[in-house]
Amino acid sequence: MTVNLTERMKAWVEAMGCHLCVATPEGVPFVVLGRYARATADGEVAFALAEDEAKVIAPVLSRNPRVAFGVSRQGGIRAAYQFKGTGELLRSGEIFDAVRARAKEEKGIDAGAVLLVRLTELYCTKPGYEAGLRLDGMTPEELDAWERQRWKDVPRKRN
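In every chain, residue numbers begin from 1 and rise along the written sequence. At least 70 in pLDDT is required for a residue's local features to be given in this predicted model, at least 80 for side-chain atom pairs to be given and counted, and no such filter applies to totals for whole chains, interfaces and linings, which use all residues. In computing side-chain values, all of the structure's heavy atoms are included and hydrogens and water are not.

A. Molecular detail of the packing of aromatic side chains. Note on ring pairs: Phe, Tyr and Trp rings are taken, using the six-membered ring of Trp, and paired if centres are within 6.5 Å. Classes follow the plane angle, with under 30 degrees stacked, over 60 edge-to-face and the rest tilted. A full pass over the atoms with the stated rule returns 3 aromatic pairs. With 6.1 Å between their ring centres and 50° between their planes, Y81 and F83 make a pair best called tilted. Both residues of the pair, Y81 and F83, count as buried. The rule is simple: take the accessible area with a 1.4 Å probe, protein chains only, and divide by the maximum for that residue type; under 20% is buried, over 50% is exposed, in between is partly exposed.

Given below as structure tokens:
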């Protein structure tokens, strides 16, 4: 299923960074902070990871490529989401070079790898009756209208 990211979702992910969650096939979880994130395409998000961060999740991703993430600093977000997809650790190539350069320029992160997540699922985690609502089946227009009915806030980038 295709995940349609709204401009607001992209802004939250890029401004706040994300907690990246992976798990072994046996269910042992590992979490790293994706301090720099960039929506590289519709339904695709790339995270610049320092070498020590990449080393935490690389062995897990080689056995189970599934990744879940949520926007960091969620206490300040009135519209929380959980994003799920398939992750690939990049150490070279066009996406790696572009994300690595921007992460260094914007946040001073010396990326040893880039985690590219191709999104397959999207859930609303807003408390209340909509918690757990699956959103990835909506068309871009439906998702944008759904979101506009609920929230007006768009984050500003922080350094």
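B. The nonpolar core, seen in detail. Residues grouped as a nonpolar core are buried Ala, Val, Leu, Ile, Met, Phe, Trp, Tyr and Cys residues, joined through side-chain atoms within 4.5 Å. Counting 35 residues, the largest nonpolar core has F47, F69, F83 and L115 as the members making the most contacts within it. Considering each element in turn, this core owes the most residues, 6 residues, to strand β7 (residues 111-124). In what follows, residue pairs with any heavy atoms lying within 4.5 Å of each other are defined as contacts. Here F83 is in contact with L5, M9, V13, V67, A68, F69, V71, L119, E121 and L122, once residues within four sequence places are set aside. In this structure, A46, L90, V114 and L116 belong to the second largest nonpolar core, which totals 11 residues. Secondary structure elements are taken from DSSP: a helix is a run of H or I of four residues or more, a strand is a run of E of two residues or more, and numbering for both begins at the N terminus.

C. Structural context of helix α4 (residues 140-150). Within α4, burial applies to L143, W146 and E147. Down the axis of α4, the buried side of the element spans an arc of 95°, and every buried residue falls inside it. Seen from the buried face of α4, the exposed residues on the opposite side, beyond 90 degrees, are E141, R148 and Q149. In this structure, the buried residues of α4 make contact with α1 (7-16), β6 (81-90) and β7. Note that the arc is defined by the directions from the helix axis to the C-beta atoms.

D. Just the sheet that holds strand β4 (residues 44-50), in detail. At least two bridges found by DSSP between two strands is the condition for calling them paired. Taken in spatial order, the 7 strands line up as β2-β1-β5-β6-β7-β4-β3 in an open sheet, and their pairing is antiparallel. The two strands at the open ends of the sheet, each matched to only one other strand, are β2 (29-34) and β3 (36-41). Adjacent strand axes in the sheet meet at a mean angle of 35° when their direction is disregarded. Sitting on the sheet, helix α2 (residues 51-63) touches β1 (18-23), β2, β4, β5 (66-71), β6 and β7, and the angle it makes with β4 is about 120°. Angles run from 0 to 180 degrees between N-to-C directions of axes, and those axes are lines fitted to C-alpha atoms, restricted for helices to the stretch in contact. Sheet contacts for helix α3 (residues 94-107): β3, β4, β6 and β7; angle to β3, the most-contacted strand, approximately 145°.

E. View of the pairing of β6. Here β5 runs beside β6; their pairing, made up of 5 bridges, is antiparallel. Its bridge partner lying in β6, F69 is registered against F83. Where β6 lies against β7, 10 bridges are found, and the strand directions are antiparallel. Residue pairing across strands places E88 opposite L116, the latter belonging to β7.

F. Structural detail: the side chain of E121. With respect to the secondary-structure elements, E121 resides in strand β7. Its relative accessible area of 15% is what places E121 among the buried residues. Polar contacts involving the side chain of E121 include one to the side chain of R66, which spans 2.9 Å. Polar contacts here mean pairs of N or O atoms no more than 3.5 Å apart (in protein, one a potential hydrogen donor and the other a potential acceptor; neighbouring residues in sequence count only if both atoms are side-chain atoms). At a separation of 2.5 Å, a polar atom in the side chain of E121 contacts the side chain of Y123. Each residue touching E121, except ones within four places of it in the same chain, is listed here: V3, R66, Q82, F83, K84, R134 and D136.

G. Spotlight on the pattern of salt bridges. Each salt bridge in this description consists of a side-chain nitrogen of Lys or Arg and a carboxyl oxygen of Asp or Glu lying within 4 Å of one another. Going through the model one piece at a time under the given rule, you end up with 16 salt bridges. The partner of E106 in a salt bridge is R102, and the shortest N-O contact between them spans 3.0 Å. Of this pair, E106 and R102 both sit in helix α3, 4 residues apart, which is roughly one turn of the helix. Owing to a relative accessible area of 26%, E106 belongs among the partly exposed residues under this scheme. With a shortest N-O distance of 2.6 Å, R150 and E130 are connected by a salt bridge. Of this pair, R150 sits in helix α4 while E130 sits in the loop between β7 and α4, and the two are 20 residues apart along the sequence.

Shape descriptors only; they carry no functional weight alone.
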